[in-house]
There are 2 protein chains.
Amino acid sequence: MTARSRPGSEPNACTDDEELLPRGQRKQRTRDALIDAALQLMNEGRSFNSLGLREITRVAGVVPTSFYRHFKDTNELGLVLVEESGLTLRRMLREARRAGAPVKDMIRRSVQVYKAFVLSNRLHFLFVAGERSGGSPVIRSAIRNEVDQFIDEMTQDLRHLAIFPNLSPESLRMVCELVVNTMLHAATDILDLPPGDEALARAQEDNHVHQVRLIFLGAQLWREETEKA
Amino acid sequence: MTARSRPGSEPNACTDDEELLPRGQRKQRTRDALIDAALQLMNEGRSFNSLGLREITRVAGVVPTSFYRHFKDTNELGLVLVEESGLTLRRMLREARRAGAPVKDMIRRSVQVYKAFVLSNRLHFLFVAGERSGGSPVIRSAIRNEVDQFIDEMTQDLRHLAIFPNLSPESLRMVCELVVNTMLHAATDILDLPPGDEALARAQEDNHVHQVRLIFLGAQLWREETEKA
DNA sequence: TCAGTTGGTGGACGTATGTTCACTCATGAG
DNA sequence: CTCATGAGTGAACATACGTCCACCAACTGA
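Each chain has its residues counted from 1, following the order in which its sequence is written. The lettering of chains begins at A and the numbering of ligands begins at 1, in the order of writing. Where totals are concerned, whole chains, interfaces and linings use all residues; where local detail is concerned, this predicted model gives features only for residues with pLDDT of at least 70, and gives and counts side-chain atom pairs only at 80 or more. Note that water and hydrogens are dropped before the side-chain values are worked out from all heavy atoms of the structure.

## Things to note about the overall build of chain A
- Within chain A one finds 8 helices and 0 strands.
- A run of DSSP states H or I qualifies as a helix once it reaches four residues; a run of E qualifies as a strand once it reaches two. Both are numbered from the N-terminal end. Listing every helix and strand of chain A by position from the N terminus yields α-α-α-α-α-α-α-α.
- Residue burial in chain A is summarised as follows: out of 229 residues, 46% are buried.
- Throughout, a residue-residue contact means that at least one pair of heavy atoms, one from each residue, lies within 4.5 Å. Here the contacts in chain A between residues at least 6 apart in sequence split such that 68% fall between residues at least 24 apart.
- Accessible surface is estimated by sampling points in the Shrake-Rupley manner with a 1.4 Å probe; for residues, cover comes only from the protein chains shown. A total of about 12200 Å² of accessible surface is found on chain A, and carbon and sulfur atoms cover 54% of it. Residue burial is assigned from relative accessible area. The probe radius is 1.4 Å, only protein chains are included, and a residue is buried under 20% of its type maximum, exposed over 50%, and partly exposed in between.

## A word on the environment of A:Tyr114
All names here are of chain A.
- Following the sequence through the fold, Tyr114 ends up in helix H4 (residues 106-120).
- On the accessibility criterion, Tyr114 (9% relative accessible area) is buried.
- Among residues more than four places away in sequence, those in contact with Tyr114 are Met92, Phe125, Met183, Leu184, Ala187 and Ile190.

## Details of the relation of the copies chain A and chain B
- To line up the copies, we fit them by least squares on C-alpha atoms, keeping just the residues with pLDDT of at least 70 in both. Least-squares fitting of chain A to chain B yields an RMSD of 0.0 Å, with the superposition described by an axial translation of 0.0 Å and a rotation of 180 degrees. Put plainly, the chains are arranged around a two-fold axis. Closest approach to the rotation axis within chain A is made by the C-alpha atom of A:Gly218, at a distance of 1.9 Å.
- Mapped onto chain B, 100% of the interface residues of chain A again fall at the interface, so both copies present the same surface.

## What to know about the interface of chain A and chain B
- Between chain A and chain B, the residue contacts involve 38 residues of the former and 38 residues of the latter.
- Each of two parts loses accessible area, computed with a 1.4 Å probe, when they are put together; buried area is these two losses added. Where chain A abuts chain B, roughly 3400 Å² becomes buried across the two surfaces, and 54% of that area is made up of carbon and sulfur atoms.
- Contact with chain B buries surface across chain A, with A:Leu178, A:Leu214 and A:Trp222 losing the most and accounting together for 17% of the total.
- For this document, the term salt bridge refers to a Lys or Arg side-chain nitrogen within 4 Å of an Asp or Glu carboxyl oxygen. For the pair chain A and chain B, the interface holds 6 salt bridges.
- B:Asp192 is paired through a salt bridge with A:Arg144; the nearest N and O atoms lie 2.9 Å apart.

## Considering the nonpolar core
- One finds A:Leu77, A:Phe125, A:Phe127, B:Phe125 and B:Phe127 to be the most contacted residues of the largest nonpolar core, which totals 118 residues.
- Bear in mind that the domain bounds are from an automatic or database domain assignment. Shared between two domains, this core takes at least three residues from each, and those domains are domain 1 (12-72) and domain 2 (74-223) of chain B.
- Dropping the residues within four chain positions of it, B:Phe125 is found in contact with B:Thr88, B:Leu89, B:Met92, B:Tyr114, B:Phe117, B:Val118, B:Gly130, B:Leu184, B:Ala187 and B:Leu191. Residue types Ala, Val, Leu, Ile, Met, Phe, Trp, Tyr and Cys, when buried and joined through side-chain atoms within 4.5 Å, form a set referred to as a nonpolar core.

## Notes on the protein's contact with DNA strand D
- Near DNA strand D lie 19 residues; those nearest to it are A:Thr30, A:Arg69, B:Arg54, B:Arg58 and B:Thr65.
- Among atoms of DNA strand D positioned within 4 Å of the protein, sugar and phosphate together represent 43%.
- Here a phosphate oxygen of DNA strand D and a side-chain polar atom of A:Thr30 are 3.0 Å apart.
- Of all the secondary-structure elements, those providing two or more residues to the surface near DNA strand D are helix H1 (23-43) of chain A together with helix H2 (53-60) of chain B. The near set for a molecule or strand comprises every residue that places at least one heavy atom within 4 Å of it. Counted as a polar contact is a pair of N or O atoms within 3.5 Å, where, for protein atoms, one must be capable of donating a hydrogen and the other of accepting one, and residues adjacent in sequence contribute only when both atoms are in side chains.

## Comments concerning unusual backbone geometry
- Here the phi dihedral of A:Ala162 falls at roughly 55 degrees; this positive angle occurs in a residue that is not glycine.
- In this structure, A:Ala162 sits in the loop between helix H6 (137-161) and helix H7 (169-192).

## Brief notes about the confidence of the model for chain A
- Scored by pLDDT, chain A has a mean of 91; 89% of the residues are at 70 or more.
- pLDDT expresses, on a scale from 0 to 100, how confident the predictor is about each individual residue. Within the model, pLDDT remains below 50 along residues 8-18 of chain A, and this stretch shows 5 contacts once partners closer than five positions in the same chain are excluded.

## What to know about the packing of H4(A) against helix H8 (residues 198-221) of chain A
Residue and element names in this part refer to chain A.
- The axes are straight lines fitted to the C-alpha atoms, using for helices just the contacting stretch, and the angles between their N-to-C directions are given from 0 to 180°. Running from N to C, H4 and H8 cross one another at 125 degrees; their axes reach a closest spacing of 9 Å. Between H4 and H8, the interaxial angle falls into the category oblique. Between H4 and H8 lies a crossing of right-handed hand. Every residue of H8 that contacts H4 at Met106, Ile107, Arg108, Val111, Gln112 and Lys115 is listed here: Ala201, Glu205, Asp206, His208, Val209, Val212, Arg213 and Phe216.
- Grouping the constituent residues of the contact of H4 with H8 by class yields 7 nonpolar, 2 polar and 5 charged. Roughly parallel means an angle under 35 degrees; roughly antiparallel means over 145; roughly perpendicular covers 65 to 115; every other angle is labelled oblique. For a crossing to be left-handed, the near helix must be turned anticlockwise from the far one by less than a right angle; the clockwise case is right-handed. Three classes are used, and their members are as follows: Ala, Val, Leu, Ile, Met, Phe, Trp, Tyr, Cys and Pro are nonpolar, Asp, Glu, Lys and Arg are charged, and the others, Gly among them, are polar.

## A look at the protein's contact with DNA strand C
- Around DNA strand C, 18 residues are found, and the nearest of them are A:Arg23, A:Leu53, A:Arg54, B:Thr30 and B:Arg69.
- Of what DNA strand C places within 4 Å of the protein, 45% of the atoms are sugar or phosphate.
- Between DNA strand C and A:Arg58, the relevant distance is 2.6 Å, taken from a phosphate oxygen to a side-chain nitrogen or oxygen of the residue.
- Here B:Val63 contributes a backbone N or O atom positioned 3.2 Å from a phosphate oxygen of DNA strand C.
- For the surface near DNA strand C, the secondary-structure elements that each account for two or more residues are helix H2 (53-60) of chain A together with helix H1 (23-43) of chain B.
- Taken together, the residues that form the surface near DNA strand C break down as 5 nonpolar, 6 polar and 7 charged.

## Structural notes on the environment of B:Arg69
- One can find B:Arg69 in the loop between H2 and helix H3 (74-99).
- Residues B:Arg69 and B:Arg31, spaced 38 residues apart in sequence, show a C-alpha to C-alpha distance of 8.8 Å.

## Some words on H3(B)
- Helices are assigned an expected span. That span is 1.5 Å times one less than the residue count. An ideal rise of 1.5 Å per residue puts 38 Å on 26 residues; H3(B) measures up with 38 Å between its terminal C-alpha atoms.
- Directly beyond the C-terminal end of H3(B), a positive phi value near 75 degrees is found at B:Gly100.

## Things to note about empty space enclosed by the protein
- Put plainly, a pocket is an open set of points on a 1 Å grid over the protein atoms alone with protein on both sides within 12 Å along at least five of seven lines, a cavity is a set where a 1.4 Å probe fits but cannot get out, and a lining residue has an atom within 4 Å of a point. Grid points are joined across faces, edges and corners, and a volume is the space filled by probe spheres set on the points. Per the counting criterion, the structure on display carries 6 cavities of 30 Å³ or more.
- In this structure, the largest cavity encloses a volume near 260 Å³.
- Residue lining of the largest cavity: 18 residues in total, with A:Arg132, A:Ser133, A:His185, B:Arg132 and B:His185 positioned closest to the centre.
- Here the residues of the lining of the largest cavity sort into 6 nonpolar, 10 polar and 2 charged.

In structure tokens, the structure reads:
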């Protein structure tokens, strides 16, 4: 579950530096340092399963052997990372739920909110987008589970919002899968976009908006009985 | 350009084994062996940039130093792999062009042809799908170029087929991008699917068909002037 | 036929890796 | 206060890595 204070490196809370925390929190501290180290290394363009144990501990500022106090493997750390990323996705959904459905320009607004969310959770999205198809089999399947779960929840939400009363639950899920895959790929675009180029950013946003709009357009017109045996 | 006889390991042509070829072909031979070794290692679940030079040469059956006679880097081998995969994609497009547009059940047929193509070019699709978002930055951007080019060509094809006369060139490209991203992700599903489970395979195929059908449905209904400033 | 070119070899190097072990020494429970 | 617990240390290991070098042998072009 890992109730870490991250994301967004908190500047040391109020206690000046260290030395005053109970044992458990000190442990959690270096555990977080290890996880953050892995994320930071991926932020430099590396892929997760090319990271070495020693490399991670070096960035985290501990000795290699300390790693084993927290994980038996780099793979185990990866699974924790998957879990964390899942929490981030779920948090996004929760916030979207709270915001409700803005009636006008809903899709564009959602894309903008999504982009902001991706940027402020850059490391998690980098990890998910990067390892979803590329990583080690065990991590890949863990991510797949997390994303499937996310799609299910999104399906439930759209179902309750009754935006597509014409769709059966199965078709609604299919639409959500399409949207999620599209936006997860969009995350790669967003994260790769060089900062500062405002025109290019707008073009990219337009592109994402159009794609989702087109999907929704198709969904509104979808009829179930288009099937043949 | 690499006019290799692969894909699909040819069983030694007609000449019994070796020793009779001119110098250049001999060189190409071990070069192919290196490339195939990398692909085969990825087929075992590894990601490309976790492959080591020695590991590749070991599988290829040559000594590590031989590697440098062909590539200066594993990264350079990766770029060759990108180029090859691009050729595979282009080949797919060419075959699709030749086959023309079957009027009835066109989408389902296309999805089936695509699935067959992915399976018989498993290694290239595995490489592209895996490294598209996960690999080293230089390989990622090389793949992005290749895929962008592919999208452009597909856009031209659809334009000449005049299936969507309502779409501007930009919108048509947007649709193609959506389709390509969807089907490239579908390749992951297809390759991960355990063989033998026919029911699951049909469900997966239906899913892919529905997604493309929904995109096309949206594309047919798309109107340009939905934009605001 | 002969010399030059060159793909492949084998050994060696410095360095990095994952994992082990015995060791500190502050913490927190009794 | 005492003392067992356990997070973090430092040294050492076997192994793997990328890269360099001198060398061979065979194909090539003259």
